[in-house]
Amino acid sequence: MTVSSSPSSTGSIGRSASARRPISRTLSPRRRKEALAAYLFLAPGFLLFALVILYPIGRAFQISLYHWSIAPGLPSQYIGLTNYSHELHDPIFWRSLVNTGFYMGVTVPAQIVIGLMIAVLLDARMPARAAFRTLFYLPVVTSWVVVSLLFRYLFITDGGLINWVLHDATHVSNHNIDWLGQRWTAMAAIAILGIWKGIGWSMIIFLAALQGVPRELKEAAAVDGANAWRRFRAVSLPAIRPVVAFVTVMLVIGGFNVFISVFLMTNGGPLDETQVLLTYMYRQAFSFLDFGYGSALSFTLTVIVFVLSVTQLRLFRRPSEAS
Amino acid sequence: MVGGNVRRTRAIVGGRLTLLTAGAIVMIVPFAYMVVTSFKQNALVLEIPPQFIPHHPTTANYHGAWSSNHFSRYFVNSLVVAVCTTVFAVLLSSMMAFAFARFRFPGRRLLFGLLLIGLMVPTMMLLIPQFLLARQLGALDSLWGLVFFYTAMNLALNTFLLRSFFQDIPRELEEAMVVDGAGPWTRYRRLILPLSRPALATVGIFSFLASWDEYVWALTVINDPNRRTLPIAITLFQGQHSTSWGLVFAASLIAIVPVIAIFVAFQRQFVSGITSGALKA
Amino acid sequence: MRRNRMLVLLVLGVVVAVSAATAGARVTDAKKKTTITFWNAYSSDGPEVKRLEKVIIPQYEKTHPGVIVKDVAIPYDDLHQKLVTAVAGGQLPDLVRSDIIWVPELANLGVLEPLDKAMPDFKKLKSTVYPGPLATNYWKGHYYGLPLDTNTRTFNYSPAALRAAGLSRPPKTFAQLKSYAATAKAKGLYLYAESGTSGWNLLPWIWSAGGSLTNRSYTKASGYLNSRKSVAGIRMLVDLYKAGEMPNIVLGGNGGLGTYDGISQGKYVATLDGPWMFAIFAAAFKNTKIAGTTIPAGPGGSVSVVGGEDIVMTHSSKNKAAAADFMRFMLKGWAQNEMARAGQMTVLKSLTKQLIKIHPYYAVYLKQIANARPRTPTPKWPQIDQVLETKLAKAFKGDETVQQALDSAAKQIDGLL
């Protein structure tokens with residue numbers, strides 16, 4: 001039968017937009033022409049990608065199999081999977097895994113929900129719409145370094161803005177919370193920074209997606225007597241489902257790759273309580289010069305993220321009901 | 001419209017406005033603090049508790065930041081690199097996304113999977129292998145080298161995003177063109193690209209921002225102070241023992257301006273109605 | 001659509017033109033002369049880099065025609081990472097102003113030039129500098145750099161806060177530290193605030209107590225780090241903390257009241273810090289005067305820790321002779337004096353009087369640096385420091401007794417040495 005994969009099994013996200021195949025699907029020359037065209041479109045970008053990204057990934061994996069010495073003149077010692085087994089016995093590795101998972105579990109849903117909410121609010125004729133879009137996007141365009149230092153300052157225990165609001169101004173809390181001095185409050189502060197900085201990003205994407213939902217569909221549902229929420233659920237949400245999937249995958253990847261904010265706000269401290277995978281990797285590689293171990297940590301991270309992403313893509317792939 | 005509907009619409013709009021304003025205020029507070037501090041004199045320390053009103057506001061920090069140590073040159077360097085990267089990244093990734101979204105060919109799943117893996121690998125870890133590669137290619141200490149690497153680094157994300165948008169464009173329109181005898185490049189240029197303007201604008205903004213803000217790689221490969229990019233200039237205001245916060249914030253705010261300008265310029269692409277006409281259900 | 005395309009092409013054209021123009025401009029001046037690249041971590045708005053670029057380097061280039069010195073400033077927090085990457089990629093500069101704790105690591109990687117072999121006048125240069133800073137360049141029998149600037153920590157306090165704590169003098173001995181701390185607590189102040197438990201923070205106390213981190217040849221920690229004297233020194237501080245006489249920032253978490261803020265707010269009386277503290281207070285905390293004195297003396301005397309930067313030459317440098325010349329220049333009295341005026345403490349023994357004339361507060365630092373000791377010069381220092389920091393913090397928190405913490409720390413450090 002046909003050699004190529006069916007429309008829905010290509011790992012595509014969300015709906016199979018069209019299940020119709022060209023009538024002449026069994027003709028090889030046409031398929032060959034199609035493949036050739038595809039390769040031509042792919043070639044420039046993919047070759048660049050392969051050279052700059054894939055090849056270094058291979059090298060990095062190779063490094064993870066060695067007790068690697070960074071000076072070109074000194075020999076590196078092949079140790080196979082020792083770095084990986086060392087990882088499994090490293091309590092700080094597990095702790096950083098938990099911290100990273102926490103960060104991701106908090107920031108990803110928050111960014112999706114809030115970003116979507118704001119996008120919906122902005123997806124209508126409104127005064128000052130462009131201004132709002134820009135305002136919400138401002139945190140996204142500011143450098144991580146500057147914002148991390150700023151937030152570290154805002155979360156200072158005695159006299160920081162956050163505690164001032166919570167304790168002195170609104171009396172929500174009865175004492176000054178030592179945000180950055182303990183594990184979970186510090187992770188919460190870091191997560192708040194992540195959410196604050198990321199909302200604009202998902203908002204923009206959702207906005208672009210919502211703009212693409214044909215107004216006729218929304219209007220048709222309105223004529224049918226559905227209220228705003230039901231219209232949203234029945235029309236907009238399914239229509240942007242692939243985009244939601246995309247945003248989720250990207251935010252998960254970003255969540256796992258959190259680095260600068262942790263590095264500058266707590267540097268993994270106090271006492272390695274708030275280490276995340278990348279800060280721990282950075283210390284191993286660049287402070288302790290153990291690149292083999294650092295690479296192994298990175299690859300473990302990659303594998304975890306990959307598995308998670310594929311799972312998410314599969315979950316989102318159920319065919320949609322709307323047509 | 002009926003009178004009651006008008007009142008309800010106004011109430012809805014009012015409600016939305018309130019929510020948005022409240023949200024925007026929360027977003028803005030840290031910024032407000034940055035802006036205020038950038039107008040403070042000699043802010044070597046951030047005061048506790050935070051002062052939102054500077055005692056003697058001054059624009060000295062902005063003058064200082066802009067005129068310090070080649071800052072304007074770093075600004076131009078970053079601009080050049082970011083613009084070039086955006087152009088190439090959008091072009092190459094839209095071509096790749098088109099191929100992934102519209103064609104069937106052997107290896108499609110594999111290649112896309114490789115692209116995804118490129119997304120998931122922490123870039124920190126690739127620093128040294130990429131540095132060795134850059135050295136072999138002679139791409140060190142060069143702005144074009146930066147463009148080369150930045151474009152590559154942006155391809156995976158952009159292709160991923162564009163592919164999902166391209167998949168949403170109904171095939172009927174394209175098939176009509178095929179019947180008319182249009183080849184793939186024509187379809188790409190005349191149909192897909194114009195129809196996905198919001199997505200292209202989004203990807204353009206992302207590429208520009210990624211390149212504009214990129215710090216680690218630029219720090220690693222660029223040694224010639226004449227070729228430095230902006231993020232390094234900002235970080236250089238942080239000393240070993242103390243940081244000139246006024247300068248850092250002033251410099252950061254200067255750095256935000258172009259991105260906001262690009263963003264505002266591209267915002268017009270997010271106009272609804274352009275797409276709804278063409279995409280009949 | 002056409003207009004957009006034109007716009008894009010126009011932008012591209014401008015961009016290409018600009019980059020081509022800037023690319024061409026650089027090549028011309030570098031051709032005939034020797035260029036030495038010098039990496040440092042001066043902050044870009046600081047007085048040091050201004051003096052380096054506007055005074056020192058022009059003077060050098062005037063007296064050494066045919067040589068251009070290109071100084072490249074790299075943010076301090078990233079300099080080590082950049083060095084590591086440069087090592088891996090074989091792209092090191094000629095000279096680096098390296099933090100003293102990195103020199104053994106770089107030397108161990110084989111990327112530094114042993115100066116005692118490469119410079120015939122090394123012995124003479126060696127004798128002009130303080131022994132403490134010089135020792136930071138020593139690794140496996142050779143010297144791999146020369147000290148460029150140095151600093152140490154002294155006991156800096158606010159006289160106003162001292163009086164508010166009911167005291168008339170700063171503590172001069174361990175015993176006085178203990179009793180004064182109690183007095184200060186009674187008045188609601190902390191006498192002494194320390195911001196962490198790493199080597200830089202607490203080694204002065206271990207040494208002043210008569211203990212040490214390792215033996216003289218830096219090969220063993222057991223028996224030294226956990227000796228009775230070392231333990232006593234740490235225990236004194238832990239007791240202060242447990243009695244509520246030391247603030248909790250010693251545990252290292254961010255977000256607490258920092259030493260500078262605490263002193264300026266009158267909540268802390270003193271801390272240990274380097275000469276930059278005076279410059280920072282003069283600029284940012286104008287209302288708080290501070291003074292310095294030597295660290296309270298214990299059974300081992302008043303011993304502080306050496307900080308600072310060394311100037312090192314890379315093995316891969318293609319201009320070793322010129323680089324060595326620049327090094328000599330930087331270590332001569334004139335250049336050292338210029339940098340001293342910019343706030344960098346000189347390493348030359350002969351400039352003592354000049355230094356005090358420039359800034360009177362240097363007097364205490366000069367006294368303290370005479371017998372200050374370096375942190376263990378070994379490539380594994382970052383790991384050792386990490387062990388120290390973690391274990392000592394446990395001791396402060398009370399998770400382990402001081403003896404237990406130091407015992408296990410010593411054992412771990414043995415494995416690293």
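Residues numbered from 1 in each chain as written. Chains lettered and ligands numbered in written order. Predicted model: local features only at pLDDT ≥ 70, side-chain atom pairs only at ≥ 80, totals over all residues. Heavy atoms only, no water.

S.K.: Any details on the overall build of chain B? Residues and values, ideally.
M.R.: A count of helical and extended segments in chain B gives 13 helices and zero strands. Counting helices and strands in the order they occur from the N terminus, chain B gives α-α-α-α-α-α-α-α-α-α-α-α-α. Each of the 281 residues in chain B was classed as buried or not, and the buried ones make up 60%. Pairs at least 24 residues apart make up 71% of the contacts formed inside chain B by residues separated by at least 6 positions. (Helix = DSSP H or I, 4+ residues; strand = E, 2+ residues; numbered from the N terminus. Buried < 20%, exposed > 50% of the residue type's maximum accessible area, 1.4 Å probe, protein only. Contact = heavy atoms within 4.5 Å.)

S.K.: Give a description of the overall build of chain A that names residues and reports values.
M.R.: Within chain A, the regular secondary structure consists of 13 helices and two strands. Looking at the 323 residues of chain A, the share that counts as buried comes to 56%. Put simply, 67% of the contacts in chain A that link residues at least 6 apart link residues at least 24 apart. Working note: accessible area of chain A is about 13800 Å², and carbon and sulfur atoms make up 65% of it. (Areas by Shrake-Rupley, 256 points an atom, 1.4 Å probe, with all protein chains shown as cover.)

S.K.: I'd like a rundown of the interface of chain A and chain B, residues and numbers included.
M.R.: Chain A puts 108 residues into the contact, and the matching count from chain B is 104 residues. The junction of chain A with chain B conceals about 9400 Å² of combined surface from both sides, 77% of it contributed by carbon and sulfur atoms. At the junction of chain A and chain B, the tally comes to zero salt bridges. Taken together, chain A and chain B are joined by five residue pairs in polar contact (both at pLDDT 80 or more). With 25 residues, the top contributor of residues to the side of chain A that touches chain B is helix H1 (residues 28–64) of chain A. A breakdown of the residues in the side of chain A that touches chain B according to their chemical character gives 76 nonpolar, 20 polar and 12 charged. (Buried area = accessible area lost by both parts, 1.4 Å probe. Salt bridge = Lys/Arg side-chain N within 4 Å of Asp/Glu carboxyl O. Polar contact = N/O pair within 3.5 Å; in protein donor to acceptor, adjacent residues only side chain to side chain. Nonpolar A, V, L, I, M, F, W, Y, C, P; charged D, E, K, R; others polar.)

S.K.: If you had to explain the pairing of strand E3 (residues 95–99) of chain C to someone new, which residues and values would you point to?
M.R.: Residue and element names in this part refer to chain C. Burial runs high along E3: five of the five residues are buried. Going residue by residue along E3, you find Leu95, Arg97 and Asp99 tucked away on one face and Val96 and Ser98 tucked away on the opposite face as well. Sheet analysis places strand E1 (residues 34–40) next to E3, joined by two bridges and oriented parallel. Residue pairing across strands places Phe38 opposite Leu95, the latter belonging to E3. Sheet analysis places E3 next to strand E11 (residues 306–313), joined by five bridges and oriented antiparallel. Bridging from a neighbouring strand, Leu95 pairs with Met313 of E11. (Pairing = 2+ DSSP bridges.)

S.K.: Go over the environment of Ala324 of chain C, please, and point to the residues and values.
M.R.: As for its position among the elements, Ala324 of chain C is in helix H14 (residues 320–330). Note: C-alpha distance between Ala324 of chain C and Ile206 of chain C (118 residues apart in sequence) is 37 Å.

S.K.: Report on the sheet that holds strand E2 (residues 67–73) of chain C, specifying residues and quantitative values.
M.R.: Residues and elements named next belong to chain C. The five strands lie next to each other as E2-E1-E3-E11-E6, forming an open sheet whose pairing is mixed. The open sheet has two edge strands, E2 and strand E6 (145–152), and neither has a second partner. Put simply, the sheet's adjacent strands are angled 20° from each other on average, direction ignored. Here E6 runs beside E11; their pairing, made up of seven bridges, is antiparallel. (Axes fitted to C-alpha atoms, helices over the stretch in contact; angles between N-to-C directions.)

S.K.: Now, about the interface of chain A and chain C: what can you tell me, with residues and values included?
M.R.: Every contact between the two is made by 24 residues of chain A and, on the other side, 21 residues of chain C. Linking chain A with chain C are five residue pairs in polar contact (both at pLDDT 80 or more). Elements with a minimum of two residues in the side of chain A that touches chain C: helix H11 (260–265) and helix H12 (277–287) of chain A. Here the side of chain A that touches chain C gets four residues from one element, more than from any other, and that element is H12 of chain A.

S.K.: So what's going on with unusual backbone geometry? Residues and values would help.
M.R.: Residue and element names in this part refer to chain A. A positive phi angle, close to 50°, is found at Asn267, a residue other than glycine. Since its relative accessible area comes to 44%, Asn267 is described here as partly exposed. Of note, the phi angle at Asp272 is positive, near 65°, even though the residue is not glycine. Among the residues examined, Asp272 registers a relative accessible area of 7% and is labelled buried.

S.K.: Tell me about the pattern of salt bridges, and please be specific about residues and values.
M.R.: For the structure shown, the criterion picks out 12 salt bridges over all chains. Asp272 of chain A serves as the salt-bridge partner of Arg283 of chain A, at 2.8 Å between the closest nitrogen and oxygen. Residue Arg283 of chain A is located in helix H12, and its partner Asp272 of chain A is located in the loop between H11 and H12; the two are separated by 11 residues in the primary sequence. Side by side, Arg283 of chain A and Asp272 of chain A carry an identical accessibility label, which is buried. Here Glu309 of chain C ties to Arg97 of chain C by a salt bridge, and the two come within 2.9 Å at their closest N and O atoms. Taken together, the residues span a long stretch of sequence, with Glu309 of chain C in strand E11 and Arg97 of chain C in strand E3 at a distance of 212 residues. Overall, the relative accessible area of 4% leaves Glu309 of chain C in the buried class. Salt bridges sharing common partners tie together Arg51, Glu338 and Arg341 of chain C.

S.K.: Which residues make up the environment of Asp149 of chain C, and what are the values?
M.R.: Residues and elements named next belong to chain C. Residue position: Asp149 is located in strand E6. By relative accessible area, Asp149 is classed as buried at 4%. Taking C-alpha positions, Asp149 is 5.5 Å from Val347, a pair spaced 198 residues apart along the chain. Residues in contact with Asp149, not counting those within four places in the same chain, are Tyr42, Arg97, Gly307, Gly308, Glu309, Gln344, Met345 and Val347.

S.K.: If you had to explain the packing of helix H4 (residues 129–141) of chain A against helix H9 (residues 197–213) of chain B to someone new, which residues and values would you point to?
M.R.: The geometry of H4 of chain A relative to H9 of chain B is characterised by a closest axis approach of 11 Å and an angle of 40° between their N-to-C directions. Relative to H9 of chain B, the element H4 of chain A is oriented oblique. Across from Tyr137, Val140 and Val141 of chain A in H4 of chain A, the residues of H9 of chain B making contact are Ile205, Phe206, Leu209 and Asp213 of chain B. Of the residues assigned to the contact of H4 of chain A with H9 of chain B, the class counts are six nonpolar, no polar and one charged. (Parallel < 35°, antiparallel > 145°, perpendicular 65-115°, else oblique.)

S.K.: Can you explain helix H15 (residues 333–341) of chain C? Please cite residues and give values.
M.R.: Residue and element names in this part refer to chain C. By the burial criterion, the buried members of H15 are Ala335, Gln336, Glu338, Met339 and Ala340. The secondary structure elements touched by the buried residues of H15 are helix H2 (47–63), E6, H14, helix H16 (352–358) and helix H17 (362–369). Downstream of H15 by one or two residues, Gly343 has phi in the positive range, about 100°.

S.K.: I'd like to hear about the pairing of strand E9 (residues 268–273) of chain C, residue by residue, with values.
M.R.: Residue and element names in this part refer to chain C. Most of E9 is tucked away, with six of its six residues classed as buried. In this sheet, E9 lies alongside strand E7 (residues 154–157) in antiparallel orientation, the contact comprising four bridges. For Asn156, the partnering residue across the bridge sits in E9 and is Thr271. In this structure, strand E8 (residues 190–192) lies alongside E9, joined through two bridges in parallel fashion. Directly across from Tyr190, in E9, lies its bridge partner Tyr268.

S.K.: I'd like a description of the sheet that holds E9 of chain C, backed by residues and values.
M.R.: Residues and elements named next belong to chain C. The strand order across the open sheet formed by four strands is E8-E9-E7-E10, and the pairing between neighbours is mixed. Looking along the sheet, the strands with just one partner apiece sit at the ends: E8 and strand E10 (291–293). The average angle at which neighbouring strand axes cross in this sheet is 25°, direction not considered. Both E7 and E10 contribute to a ladder of three bridges, which runs antiparallel. In the strand pairing of E10, Phe155 is matched with Thr293. Against the sheet, helix H13 (residues 276–284) touches E7, E9 and E10, its axis set at about 135° to E9.

S.K.: Lay out the packing of aromatic side chains with the relevant residues and their values.
M.R.: Scanning the entire structure with this criterion turns up 56 aromatic pairs over all chains. Here Trp196 of chain A and Phe31 of chain B contribute two aromatic rings whose centre-to-centre distance is 5.8 Å and whose plane-to-plane angle is 35°, an arrangement assigned as tilted. Taken together, the residues span two chains, with Trp196 of chain A in helix H7 (residues 183–211) and Phe31 of chain B in helix H1 (residues 3–38). In this structure Trp196 of chain A comes out as buried when scored by relative accessible area, which is 6%. Assessed through its relative accessible area of 6%, Phe31 of chain B is described here as buried. Note on Phe263 of chain A and Tyr282 of chain A: the rings are 5.2 Å apart at their centroids and 75° apart in plane angle, and the pair reads as edge-to-face. Remark: Tyr282 of chain A occurs in helix H12 and Phe263 of chain A occurs in helix H11; sequence separation between them is 19 residues. By way of ring pairs, the aromatic residues Tyr39 and Phe246 of chain A together with Phe100, Phe105, Phe112 and Phe160 of chain B are connected into one cluster. (Phe/Tyr/Trp six-rings, centres within 6.5 Å; stacked < 30°, edge-to-face > 60°.)

These figures capture arrangement, not role.
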